[in-house]
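Survey of secondary and tertiary structure
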Amino acid sequence: MLLRTTDKVAVRFNNHASAAMPYSELPKYPAQTKIIATLGPATNSEQALRKLIQAGVSVFRLNFSHGTFEEHAVQLERVRQLSSEMDRIVAVLGDLQGPKIRVGRVPDGGIEIKAGQEIIFRRDVDIAQAGDPAVFPCTYEKLVDEVVLGNRVLINDGAIRALAIESGPHELRCNVTVGGLVTTGKGINLPDSDISAPAITKKDWECVDWAAKAGLDFLGLSFVRHGDEIRSLKKHLYELNEQLSNNGAFGNTPTPVIAKIEKPQALANIESIIAEADGIMVARGDLGVEMDLALVPVIQKRLVTTAQEHSKPCIVATQMLESMIENASPTRAEAGDVANAIFEGADAVMLSGETAVGKHGPLAVSMMQRIAHATEDAMRTEPPRATPAKRTFEMRHRTAALAHGAWRIASDLDAKLVVVWSESGGTARYLSRIGLRIPIYAYSSNPVTVRRMALFFGVIPVHCTKLPLHRSEFARMVDERLLQREEAQTNDMIILIGGKPFGKSGVVNTLAVRRIGEAGREV
């Protein structure tokens, strides 16, 4: 017998009291909040990937900062095969490196610099030189031109800090305020400087082409500063998609772009960025270096809210369960961090090193699932509240209004779930942003759409190869699946949303209220 949502609250909180629950003992149904897991050396086997999918991963992240295209192709193929074999919809996101500025070559052992010391970045040196001042090369040649007096220069994620005090034709002189050991390849952040380096490097363009041809489901663009950068990438993806379609190769709709928000300039231009992007990621690693760390939680909340206003998915990332790279359980603060992101309205929470190189990847995913379940159950005890997207509401968007109506009816009738035929994923996205606390089953005949819907909060994607001819046939298909999988009971109230003909985008215009088992009647 299935438990009602209200009955599950106490049961789950009792279950979650145990110190460690193996991934195989997780609740049968995944949390509404989606989990993204980063692929890496620790996931380089079919068994490791299987455990992560069983634990509740909805999206895997390929980090293009590491590995070769051949290695990525092997991981991608494993994910696709396991997804099919396990009957689980799993998407793959490719994360572009972007214009990361780094310290050039440094002698073995590094160079120790101290507070009060001066250092020089010079463009005509091949290897760093110790001394006072110490001299360092940099991978970005224009650093000496674009960093002005008083600008901060941060090394190794801000662990080493300096201020620019003098610039010349070939060098930039800085005063060290916080010292440390500088080694080859350490990252450099320039939060106060207007850097002209393009958001998409030559290597990134190669990754974009590979990702589109390989059929990745999302692309993450790093270090976004302006909406124009998103528009440029999407234009290229559109043209590439047209070529692939014409050549008979993989081609569908262009790959959606997730804008990674990690620079002050992105915050200043967030409205133009989110208008162009298909979603955003709160990339708290570099954001916490570029901005005052005390402001990061405030910025996160603002970004999640902005994404909601535009009806775009939002991912919260970086150091969510960082201690689980080594330890079998997270800190209390980390558990609270994940829960807070969910309370704020994030669609997805992301694991990086925890799964890429960590010792307890499946356990980290199952812990995130447990936190999500507990948080969502607590949210269901609060009075229901619709969260219509402000921008689409102002535009009188038809599909957004239909989603709002579905929320109202589901709330009034205590519906157990919503079912929608969403061929291109648009209606499912609006439903996921409206504040429903019940499952949203989103059907599509398009396998690409189905995978992309795996990112949406509360959405359970369903790939349906047989197109129903009318709504009553769709209703019978829904009944058969839900009852066979014990995901609903006879007489459960559901909301059915669709349009005709099935399989065509942009025709959703009908909402019906029905009970499971009434499939013999026209709806």
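Residues numbered from 1 in each chain as written. Predicted model: local features only at pLDDT ≥ 70, side-chain atom pairs only at ≥ 80, totals over all residues. Heavy atoms only, no water.

**Quick word on the pairing of strand β8 (residues 152-155)**
Here is the key point about a regular strand: its side chains alternate between the two faces of the sheet. Test applied: Pairing between strands requires that DSSP locate at least two bridges from one strand to the other. We count a stretch as a helix when DSSP gives it H or I for four or more residues in a row; a strand needs E for two or more, and each element gets its number in order from the N terminus.
Of the pairings in the sheet, the one linking β8 to strand β9 (residues 160-167) comprises four bridges and is antiparallel in character. When the bridges of β9 are listed, V153 appears paired with A162. In textbook terms, the turn of a hairpin is the stretch between consecutive antiparallel strands, and for β8 and β9 this stretch comprises four residues, one of which, N156, has a positive phi near 60 degrees. Bridge count for β8 against strand β12 (residues 187-189) is two bridges, and the pairing is antiparallel. Counterpart to L154 in the pairing with β12 is N189.

**Considerations on the environment of E77**
Convention followed: Relative accessibility thresholds used throughout: buried, under 20% of the residue-type maximum; exposed, over 50%; partly exposed, between the two (1.4 Å probe, protein chains only). For this analysis, a polar contact is any N or O atom pair within 3.5 Å, provided that within protein one partner can donate a hydrogen and the other can accept it, and provided that sequence-adjacent residues contribute only side-chain to side-chain pairs.
Its location among the elements puts E77 in helix α3 (residues 69-86). For E77, a relative accessible area of 42% puts it in the partly exposed group. Residues E77 and A214 lie 137 residues apart in sequence; the distance between their C-alpha atoms is 9.5 Å. A distance of 2.8 Å separates the side chain of E77 from the side chain of Q81, its partner in a polar contact.

**Digging into the packing of helix α11 (residues 332-344) against helix α13 (residues 361-380)**
Selection rule: Only the stretch in contact is used when a helix axis is fitted, and all axes are lines through C-alpha atoms; the angle between N-to-C directions ranges over 0 to 180 degrees. Any angle between 65 and 115 degrees counts as roughly perpendicular, while under 35 counts as roughly parallel, over 145 as roughly antiparallel, and the rest as oblique. Take the far helix as the reference: if the near one is turned anticlockwise from it by less than a right angle, the crossing is left-handed, and if turned clockwise, right-handed. In this analysis, two residues are considered to be in contact whenever any of their non-hydrogen atoms come within 4.5 Å of each other. Nonpolar residues are Ala, Val, Leu, Ile, Met, Phe, Trp, Tyr, Cys and Pro. Charged residues are Asp, Glu, Lys and Arg, and all others, Gly as well, are polar.
Running from N to C, α11 and α13 point in directions that differ by 45 degrees, and their axes come no closer than 9 Å. It follows that α11 is oblique to α13 by the angle criterion. Crossing handedness for the pair α11 and α13: right-handed. Across the interface between the two elements, A335, V338, A339, I342 and F343 from α11 touch M368, I371, A372, T375, E376 and M379 from α13. Residue composition of the contact of α11 with α13, grouped by class: nine nonpolar, one polar and one charged.

**As for the sheet that holds strand β17 (residues 348-351)**
Pairing is parallel around the closed barrel formed by eight strands, whose spatial order is β1-β2-β3-β13-β14-β15-β16-β17. Across the sheet, the mean angle from the axis of one strand to that of its neighbour is 25 degrees, orientation sign disregarded. Most of the contacts of α3 go to strand β2 (residues 59-63), to which it runs at about 175 degrees, and overall it touches β2 and β3 (91-95).

**Here we look at the confidence of the model for the protein chain**
Here is the rule we go by: Confidence scores labelled pLDDT are given residue by residue by the predictor and lie between 0 and 100.
On average, residues of the protein chain score 88 in pLDDT, and 89% of them reach the 70 mark or higher. Every residue in residues 1-27 is under pLDDT 50, and counting partners more than four places away or in other chains gives 42 contacts.

**Considering empty space enclosed by the protein**
For the record, the criterion: Note on definitions: the grid is 1 Å and covers protein atoms alone; a cavity is a set of points where a 1.4 Å probe fits but cannot get out; a pocket is an open set with protein on both sides within 12 Å along at least five of seven lines; lining residues have an atom within 4 Å of a point. Grid points are joined across faces, edges and corners, and a volume is the space filled by probe spheres set on the points.
Counted under the stated rule, the structure contains three cavities of 30 Å³ or more. As for the largest cavity, its lining consists of 13 residues, of which P99, I101, F223, K263 and E290 are closest to the centre. Those elements giving two or more residues to the lining of the largest cavity turn out to be β12 and α9 (284-290). Taken together, the residues that form the lining of the largest cavity break down as seven nonpolar, one polar and five charged.

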